[in-house]
Amino acid sequence: TGHHWGYGKEDGPSSWYKNYPVAEGNRQSPIDIVPNEASHDRDLGPIMTNYDHCTSINISNNGHSVVVEFNDSDDRSVIKGGPLDNPYRLKQFHFHWGGKGHGGSEHTVSGEGFASELHLVHWNAVKYKTYGEASTAPDGLAVLGIFLETGDDHRWLHMITDVLYMVKYKGSITDFKGFNPNCLLPSSLHYWTYLGSLTTPPLHESVIWIILKEPIEVSEKQLGMFRMLLFTEEDDDQKMRMENNFRPPQPIKGRRVRSSN
Ligand code: 1SD
Ligand code: ZN
């Protein structure tokens, strides 16, 4: 099942509405964040990540991004606090990025994109029985978004870039145990939060977005390694480089963005 979609001319974000009409819905993501229009909310506590006993399993190329999956059978790795009513379990993280010298983030700040954006996807296992069930519920998912800007080498990102050659093609997967995503967080966890959606089909309007204000720094060389991945399968005749796998900002439709500080 599932329709064919991608990031190309024919199958890219501007055509997704044909198979996924919710693409034109009232709480779509990403958005452009205008810091001056975000309201400081004193009821918003700090966001807390609890990834200490975190259990990564594998890394794979799903044809849209590179994804690290976690064991989410218990509450060992959760995010809580901030806008969340209860802990949300870490399921996976993945990245969105641009072509060389281009923006690649999904969210933008005052119209400016970043080189890349990391998404840590969590689900509400208190209210819902499965990830699948949560992914269609209005408070089912919490995605922590982190901007990547280019500069110096990131000290820990090599742990991921070192194994990318193993998942070059769509559908490839390899073991990736014991990776703790704490090492990818910036020093400050101040954030913006708003209600939105998945940024890829099926675009379900089920995400509480938490976007960290402080970007992390990665080198152009490290980002270049992501661009050696392919959208295509190993036995495909045409090789399509995996880049520009981001959806541009969507209409805000009256939504409020709240700020933690
Ligand atoms: O793009 C991802 C998609 O790959 C999948 O992980 C989905 C969750 O099922 O989330 C979207 S996103 O909204 O986190 N970009
Ligand atoms: Zn994403």
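Refer to the structure above for everything that follows.
Residues numbered from 1 in each chain as written. Chains lettered and ligands numbered in written order. Predicted model: local features only at pLDDT ≥ 70, side-chain atom pairs only at ≥ 80, totals over all residues. Heavy atoms only, no water.

1. Describing the overall build of the chain
- Summing up its helical and strand segments, the chain has four helices and 15 strands in all.
- On the principal axes, the C-alpha backbone points of the chain span a range of 55 × 40 × 40 Å.
- Within the span of the chain, comprising 261 residues, buried residues form 54% of the whole.
- The contacts of the chain with a sequence gap of at least 6 include a subset with a gap of at least 24, amounting to 72%.
- Counting every atom, the chain has about 12300 Å² of accessible surface; 49% of that belongs to carbon and sulfur. (Helix = DSSP H or I, 4+ residues; strand = E, 2+ residues; numbered from the N terminus. Buried < 20%, exposed > 50% of the residue type's maximum accessible area, 1.4 Å probe, protein only. Contact = heavy atoms within 4.5 Å. Areas by Shrake-Rupley, 256 points an atom, 1.4 Å probe, with all protein chains shown as cover.)

2. Some details on the coordination of the zinc ion (ligand 2)
- Coordination of the zinc ion (ligand 2) by the protein involves His 94 (NE2), His 96 (NE2) and His 119 (ND1), with metal-donor separations of 2.0 Å.
- Metal-centred angles of 98 to 116 degrees between the four donor atoms at the zinc ion (ligand 2) mark the site as tetrahedral. (Donors = N, O, S within 2.8 Å, 3.2 Å for Na, K, Ca; no water. Tetrahedral: all angles 85-135°; square planar, octahedral: opposite > 155°, others 65-115°.)

3. Description of the environment of Ser 172
- Following the sequence through the fold, Ser 172 ends up in the loop between α3 (158-161) and β11 (173-175).
- Between the C-alpha atoms of Ser 172 and Ser 60, which are 112 residues apart in sequence, the distance is 5.6 Å.
- Beyond its immediate sequence surroundings of up to four residues, Ser 172 is in contact with Ile 59, Ser 60, Asn 61, Met 166 and Val 167.
- At 2.4 Å, the side chain of Ser 172 forms a polar contact with the backbone oxygen of Tyr 169. (Polar contact = N/O pair within 3.5 Å; in protein donor to acceptor, adjacent residues only side chain to side chain.)

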